[in-house]
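Breakdown of the fold
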Amino acid sequence: MRDRVMRVHLPLLMATLLALPIGAQENPRTVGVSGEKEARSADLIVGPGVAEVPESAAAVPEAEEEQADAVGRVILAAVPELGERKTAEDAVDRLIGLKDVRVKRLFERLVASEVYERGDEAGIVWAPVIADAEDGSGMQASLYPLLAEGEAAASEGETALPAAPPSAVVPFDELKRFRVFRPALNRIRDSLALIGLELDDPAERERAAIDTGNKRQSEAVPLLVELAEEDPDAGVRRAAAESLALIRASGGDPAATPGQVVAAVEQIGTLKSIRGLDLLDRLAADEEATPAVRSAAAAAAAQVQRHITATNWIKNAFFGLSLGSILVLMALGLAITFGLMGVINMAHGEMLMIGAVGTWATFTCLSGGQLFSWLPGLDTGLSAGWLYAVALPVSFLVAAAAGWLVEATIVRFLYKRPLDSLLATIGVSFVLIQLVRNWKGDNLPLVRPAWAGGSIELMQDVSFSTARLFIIALSIACVVAVAAIFRFTKAGLLVRATSQNRDMARALGVNTRRVDALTFAFGSGLAGIAGYGLYLIASVSPQMGQGYIVDSFLVVVVGGVGQLAGVVLSGFGIGFAQKMLEPLELITEPIRLFDATWANVAVLAGVVLFIQRRPGGLFPERGRQANLATGDEAPWASRPSGWTDALMMSLLVGLGLVLVPILYGSGTLSIDDVNRYGYFATYAICAVGLDLLWGYVGVLSLCQFLFFAFGAYAAGFYLINHGPKINGIPECLYYVMSGTGDLTAPAYLSLFENGFVSLLLALLIPGAVAFALGVVMFRSRVKGVYFAILTQTFTVIALRVFQKNELGMGGTNGIRITFTETLFGHPIMTTEGLGPFEQTRFRLYAISVVALILSVVVAKLITRSRYGRVLLAIRDDETRLRFGGYRTWLFKAGVFAVAGVMAGLGGALYLPQKGIITPGDMAPYWSILVVAWVAVGGRGTVWGAVIGAIGVSAMYAWMTSNHPAYWMFALGALFILTPLLLPGGVMSLPAMLGGRLRKAGGA
């Protein structure tokens, strides 16, 4: 058949070239009475600024070089003829006869109405993207050369755009849609599927064969028969045979005999055609079909189903290996910085991001692009494959340099304060994210090697992505390299010696300071290599590392801190477990178990339970301990005096219950301003709870805001029960549930009909969850950093559960009130006729302030009671207290529950004032922000939590309104500078200043 195609192709090409002047004469658009009109007609043929069909390729501008061959010129010359009655159908025939993939490309764009004329002189162009201009000036179109090749579309149904930027972006009103003569357009539509069957490119023929089978096009049967028997490419032959069987089995071939139909059905099963499974199921159940057809269809469907099951397990095993390799690659560096050095580097994900950005920068800079206005690009002419190879050392070195800088300026001062190193590196992560965002925005345009988009076919319907295969190989290479360095080199020996006994290593002459810096830099460089690998499969953005940090810590902890073999086993184990759970279907109602989300939740829950039973992981640690905070870690902690308590309480009452109401009543403050101060007060209630746990027990929780969200959801469920409804379902839930097909009001809503019951649930649910978590983890002696990591994992679990639409809790939209709801019978919305102090929204503010005062009083009573003294003893030396007969786990679980109740109270008061709560509010960021409030104000003081929450929240409100691009810098600076310069927070300032004054006076 290929010989026949070539015999047809050459004569047609010659005939078309010879016929070009005649065709041009027949087309009024290409004939003019003046040279000016001839120039305009030539522009229409070959594009902007190009003279009439050139005699040599040198006459064609660079933007059209890919179209400068003879066939390309013929295609472009024929385009204007498609709009003329006399020449259109003949032009279609000539184009089809060329058998060129660009003809198919052109036809697809014509059918999609993406071809335009740009004025009188600019030519015919392809405009696939039409959108609103960023400056609001109206619609604008992105223009590309008419025959430009598009890369793979981002997703099915999207236009495949070229990798290169558009040749121009113009106002849409400058364009005029190019209209093809109607009969010619119909002919183009009819030929689109068939034209691909005769192209020279095997891949195009295979795609066309599949397409004709999916559309059951009977007119393609003769060509499919010929391709199935004679095509030299095995893939084309199989696709043609499969499509032919689909057409005949579905009755699409009128000439097929009953025997051929049965044979076609059987062949679908023999070919294991997944796309034919629906047809087989219909035929097997079709009572009008013959018994032979039904029997053959049932047998073939069973064959296909077995094939699907087998291939799905193979593919999931590969995806598990791929996910595991990513986790191992990410966790390798963390195993060094956390496992061997005892540093909780929460900026490790940003080192990954720096490696990915370094890879992007390599592509940009060495391709002639500019990274900075003062730094010219260097056009090396290297291919994308070579540029990616160059980027490997760049990504490692850039991330390692960033890690070295962080260690030298921040981490070196916090080695004996692991929880403070956690806070400081969180600040580093915020700063790095905002630096990249301010520099290049949220998403960087990527150019990847061509091989990264390919795949290797292992067997029918099982193809392995080359990019993922590369990442697997990269992770294996990194594991081998790290093992070799630490086992066989002097540098590795020094790192192991320093991690096992720092004082002995220093006494033997080891420069432990240099070892620390280089080890931290090496771990960061490994994270950069992880970013280099992820560049192939993930979008590069400033926050890309945030999605990997929790999983990476879990891999290290499960494997055993500092154990390379443990990292490998736990990384691949977690990856395999998640991907092997996904295809399982245990139940389908009321939820489906499993899918990607539930599999992830199940694995995370399993990890938490494993660590609860075996805190040391698979291989218990041998390196430097990252233990619980001790009294030595917090020498600044002191109990505020009675005078301090009285002064702070007076300020809180005076500002919250006197000054703000006066300003509101005088009209200086609006009700929106008052409510903003109201939810600042609810934040402070949440922070007071954390201070009880962290400041007085030394246990850092990273899920405090999760309990706040639980309380807010409980209040939200009550309010939407007393707000607008559609078909008996609260309005904010109806639109989400309508997408799931279940329009029955969730059963749990009946629990939140009564306001007092709802308030009680808002307190009990977070309190009970906190107590249960505390009992489980504290009884197993999970403490310190491990407890913090596990509580952060719990926030991720809850976030992903609450995002599920089928649970009827609002999905990702959360709970949103309209303020038309009633609260205990009182409308929340501002009501005319009522005075300012009678408005429900003001009363909510006042209740929030009173609740904060009561929370402070309760916290003070707890800390000054016998229970509080036990809590302080647990913070200072839990082991001694435990040997004294105290069940310390019960005390810690109790105060954790109190913290949860306080957070739930804050959330219940927050929702009616703010009006919305979503699963996004459960994200780890918000619980980390609560930690910042307590740290800035001063932990272990209660009042510090109030000062930090209100102060930082006020700064957040002001900066996000006036300087949004710098808020993350300010927050990062708070996280970094507080542990370094003011570890006791604002509340320690008087004592620090007094001490310095006394020291100065004594001198």
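The name an unreviewed UniProt entry gives the protein is Putative urea ABC transporter permease protein, with Phycisphaera mikurensis as the organism. Quoted verbatim from the Subcellular location (unreviewed entry) field of UniProt, the annotation for the protein is "Cell membrane". Looking at the Sequence similarities (unreviewed entry) heading of the UniProt record, one finds this comment for the protein: "Belongs to the binding-protein-dependent transport system permease family. LivHM subfamily."

Right, let's get into the overall build of the protein. Looking only at helices and strands, the protein has 35 helices and 13 strands in total. Here the protein, with 1003 residues, has 52% of them falling under the buried criterion. In the protein, of all internal contacts separated by at least 6 residues, the share reaching a separation of at least 24 is 73%. In the structure as shown, the protein presents an accessible area of about 43,700 Å², 61% of it carried by carbon and sulfur atoms.

A few words now on the sheet that holds strand β4 (residues 168–171). Spatially, five strands are ordered β4-β3-β2-β1-β5 in an open sheet, and the strand pairing comes out antiparallel. Among the strands making up the open sheet, the edge pair consists of β4 and β5 (175–177). Across the sheet, the mean angle separating the axes of adjacent strands is 50° when strand polarity is ignored. Where strand β1 (residues 115–118) and strand β2 (residues 124–132) come together, three bridges link them in antiparallel fashion. Following the sheet pairing, V115 is matched in β2 by W126.

Before going further, it helps to examine the pattern of salt bridges. One pass over the structure, following the stated rule, counts 29 salt bridges. Between D672 and R841 there is a salt bridge, with its nearest N and O atoms 2.7 Å apart. Of the two residues, D672 is situated in helix α24 (residues 671–697) and R841 in helix α29 (residues 840–863); the sequence distance between them amounts to 169 residues. According to the relative accessible area criterion, D672 is partly exposed, its value standing at 45%.

In this section: unusual backbone geometry. Phi at R781 takes a positive value of approximately 60°, unusual for a residue other than glycine. Locating R781 in the fold gives a position in the loop between α27 (755–779) and α28 (784–802). Phi angles above zero are rare outside glycine, and F819 is one such case at about 70°. Its location among the elements puts F819 in the loop between β10 (815–816) and β11 (822–823).

Before going further, it helps to spend a moment on helix α13 (residues 348–365). Between the first and last C-alpha of α13 there are 25 Å, a value that for 18 residues agrees with the 26 Å anticipated at 1.5 Å per step. With respect to burial, α13 is a largely interior element, 18 of its 18 residues being buried.

On to the packing of α24 against helix α33 (residues 943–962). It is the contact of α24 with α33, at a shortest axis distance of 8 Å, that shows an interaxial angle of 140°. Considering their axes alone, α24 and α33 lie oblique with respect to each other. The handedness of the crossing between α24 and α33 is right-handed. Where α24 approaches α33, its residues R676, F680, Y683, A684, A687, V688 and D691 are matched on the opposing element by A945, V946, A949, I950, S953, A954 and A957.

This brings us to the pairing of β2. Note that β2 and strand β3 (residues 139–144) share five bridges and pair antiparallel. From the neighbouring strand, A131 faces β3, where its bridge partner is Q140.

On inspection of all chains with the given rule, the structure shows 52 aromatic pairs. The side chain of R109 reaches across the aromatic face of W126, ending 3.5 Å from its centre. Of note, R448 hangs over the ring of Y535, and the distance from its end group to the ring centre comes to 6.0 Å.

This part covers the environment of Q563. When you line up the elements, Q563 lands in the loop between α20 (546–559) and α21 (564–581). In this structure Q563 comes out as buried when scored by relative accessible area, which is 19%. Each C-alpha atom, one on Q563 and one on L340, is 8.6 Å from the other, the two residues being 223 residues apart in sequence.

About the criteria used
- Residues numbered from 1 in each chain as written.
- Predicted model: local features only at pLDDT ≥ 70, side-chain atom pairs only at ≥ 80, totals over all residues.
- Heavy atoms only, no water.
- UniProt positions renumbered as here; feature names shortened; annotations may be inferred.
- Helix = DSSP H or I, 4+ residues; strand = E, 2+ residues; numbered from the N terminus.
- Buried < 20%, exposed > 50% of the residue type's maximum accessible area, 1.4 Å probe, protein only.
- Contact = heavy atoms within 4.5 Å.
- Areas by Shrake-Rupley, 256 points an atom, 1.4 Å probe, with all protein chains shown as cover.
- Pairing = 2+ DSSP bridges.
- Axes fitted to C-alpha atoms, helices over the stretch in contact; angles between N-to-C directions.
- Salt bridge = Lys/Arg side-chain N within 4 Å of Asp/Glu carboxyl O.
- Expected span 1.5 Å × (residues − 1).
- Parallel < 35°, antiparallel > 145°, perpendicular 65-115°, else oblique.
- Left-handed = near helix turned anticlockwise from the far one by under 90°.
- Phe/Tyr/Trp six-rings, centres within 6.5 Å; stacked < 30°, edge-to-face > 60°.
- Lys NZ or Arg CZ within 6 Å of the ring centre and 35° of its normal.

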